[in-house]
Amino acid sequence: MIDWFRQYWPYALALVAACIFAAFMIKKASVAYRRHQTEFHAQEAEMRRLKALKERYVPLTKTVLEQAEPAELLEGTALGLQLQLQKKENMEQAFLTLNEAQQYVYTLDVFLSDKTAEKFFKENGQLLIARIAPAFQAIGLTEFQETIEKLAVMFDENDETTSIDRNFVSAADEAFSAGDLLTKIKLQGANYIQNYPEMFCKND
């Protein structure tokens, strides 16, 4: 055996290298498969959740509103609006045909989906950015109003007087997180919808 290794050591090294490479590739494939499975199951769970939300809140009627769970009412209402907009050829034009209250709820739901002010202001256009501060005001989130207004000005494409301050954006998200902003949007948004059913509800 020793003589064989002495004579064929290049092949032995190649075999060892091949084995190491194969083990590495198997491990890499295993990690990728687990990641894919995790993402797939997460997407599947989200689809089931949205399907259940649609069944509960679309269409939104006064009867549905009376039985609504406050923590999910804003998202359920916005989902109905989203489905309505998706049927239109031009979603932005269709958005403008929504009444003001519906526009606010839709905008707040996008903020909730994005989870941070940084993502919301970076990834959305002026149509939503221009409405986020009035939306906060409409549902009574006065403690965050000034910060949101400053952020809206920073990301306003038509405003050349104020540059984007990344430190301010990061500090705002820290303050929002500490103040449990997302939960407050859900609950105060739900209260807003319940206070103005005529703006959101179809006839039973």
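A short tour of the structure in this document, coming up. Just so it is clear, the model here is predicted, and its values are computed rather than measured.

Across its full length, the chain holds 10 helices and zero strands. Reading the secondary structure of the chain in the N-to-C direction produces α-α-α-α-α-α-α-α-α-α. Taking the intrachain contacts of the chain between residues at least 6 apart in sequence as the baseline, contacts between residues at least 24 apart amount to 63%. When the accessible surface of the chain is summed, it comes to about 13300 Å², and 54% of that surface belongs to carbon and sulfur atoms.

Right, let's get into the packing of aromatic side chains. Applying the stated criterion to the full structure yields nine aromatic pairs. Summarising the aromatic geometry, the rings of F111 and F176 are spaced 6.5 Å apart at their centres and angled 65° between planes, so their arrangement reads as edge-to-face. Residue F111 is located in helix α5 (residues 100-114), and its partner F176 is located in helix α9 (residues 166-178); the two are separated by 65 residues in the primary sequence. Neither residue differs from the other here; F111 and F176 are each classed as buried. Between the aromatic rings of F120 and F121, the centroid separation amounts to 5.1 Å while the plane-to-plane angle is 90°, which identifies the pairing as edge-to-face. Site record: aromatic cluster; members linked through ring pairs are F111, F120, F121, F136, F144, F155 and F176.

Under the criterion given, the structure shown has six salt bridges. Among the salt bridges present, the one from R56 reaches E72, with a minimum N-O distance of 2.9 Å. Note that R56 is positioned in helix α1 (residues 2-57) and E72 in helix α3 (residues 70-86), a separation of 16 residues in sequence. Relative accessible area serves as the criterion here: at 19%, E72 is assigned to the buried category. Among the ionic pairs, K184 bridges to E143, the shortest N-O distance being 3.2 Å. Residue K184 is found in helix α10 (residues 181-195), and its partner E143 is found in the loop between α7 (126-138) and α8 (145-154); the two are separated by 41 residues along the sequence. Assessed through its relative accessible area of 54%, E143 is described here as exposed.

Right, let's talk about the nonpolar core for a bit. Considering soluble globular proteins, one finds that nonpolar side chains tend to be buried as a cluster. Judged by nonpolar contacts, the single largest core of 50 residues is most densely connected at F111, F121 and F136. Take this core: its biggest share by element is eight residues, from α5. Sequence-distant contacts of F111, defined by excluding residues within four places in its chain, comprise A117, F120, I132, F136, I148, F176, L181, L182 and I185.

Attention now goes to the side chain of D109. By the secondary structure assignment, D109 is in helix α5. Despite its burial, D109 pairs with no opposite charge, the nearest such side chain being R49 at 7.5 Å. With sequence-adjacent residues up to four places away left out, D109 is seen in contact with L74, E75 and A78.

Next up on the list: unusual backbone geometry. Put simply, V58 and P59 share a cis peptide bond, and its omega is 0°. Structurally, P59 is set in the loop between α1 and α2 (62-66). Not every positive phi belongs to a glycine, and K115 is a case in point at roughly 75°. Looking at the element boundaries, K115 is found in the loop between α5 and α6 (117-123).

Conventions we followed
For every chain, the first residue of the written sequence is number 1, and numbering continues from 1 along that sequence. For a predicted model such as this one, the threshold for reporting local features is a pLDDT of at least 70, and the threshold for listing and counting side-chain atom pairs is 80 or more; totals across whole chains, interfaces and linings nevertheless cover every residue. Note that water and hydrogens are dropped before the side-chain values are worked out from all heavy atoms of the structure. Here a strand is any run of E in DSSP of at least two residues, a helix any run of H or I of at least four, and the numbering for each starts at the N terminus. Contact criterion: two residues are considered in contact whenever any of their non-hydrogen atoms come within 4.5 Å of each other. Only the protein chains shown count as covering a residue, and every accessible area follows the Shrake-Rupley method with a 1.4 Å probe. Whether two aromatic rings pair depends on their centres lying within 6.5 Å, for rings of Phe, Tyr and Trp, where Trp uses its six-membered ring; planes under 30 degrees apart make the pair stacked, over 60 edge-to-face, and the rest tilted. When accessible area is computed with a 1.4 Å probe and restricted to protein chains, residues below 20% of their type maximum are described as buried, those above 50% as exposed, and intermediate ones as partly exposed. The term salt bridge refers to a pairing of a side-chain nitrogen on Lys or Arg with a carboxyl oxygen on Asp or Glu at a separation within 4 Å. Among the buried residues, those of types Ala, Val, Leu, Ile, Met, Phe, Trp, Tyr and Cys that are joined through side-chain atoms within 4.5 Å form a nonpolar core. Positive charges come from Lys and Arg alone, negative charges from Asp and Glu alone, with His and the N- and C-terminal ends not counted.

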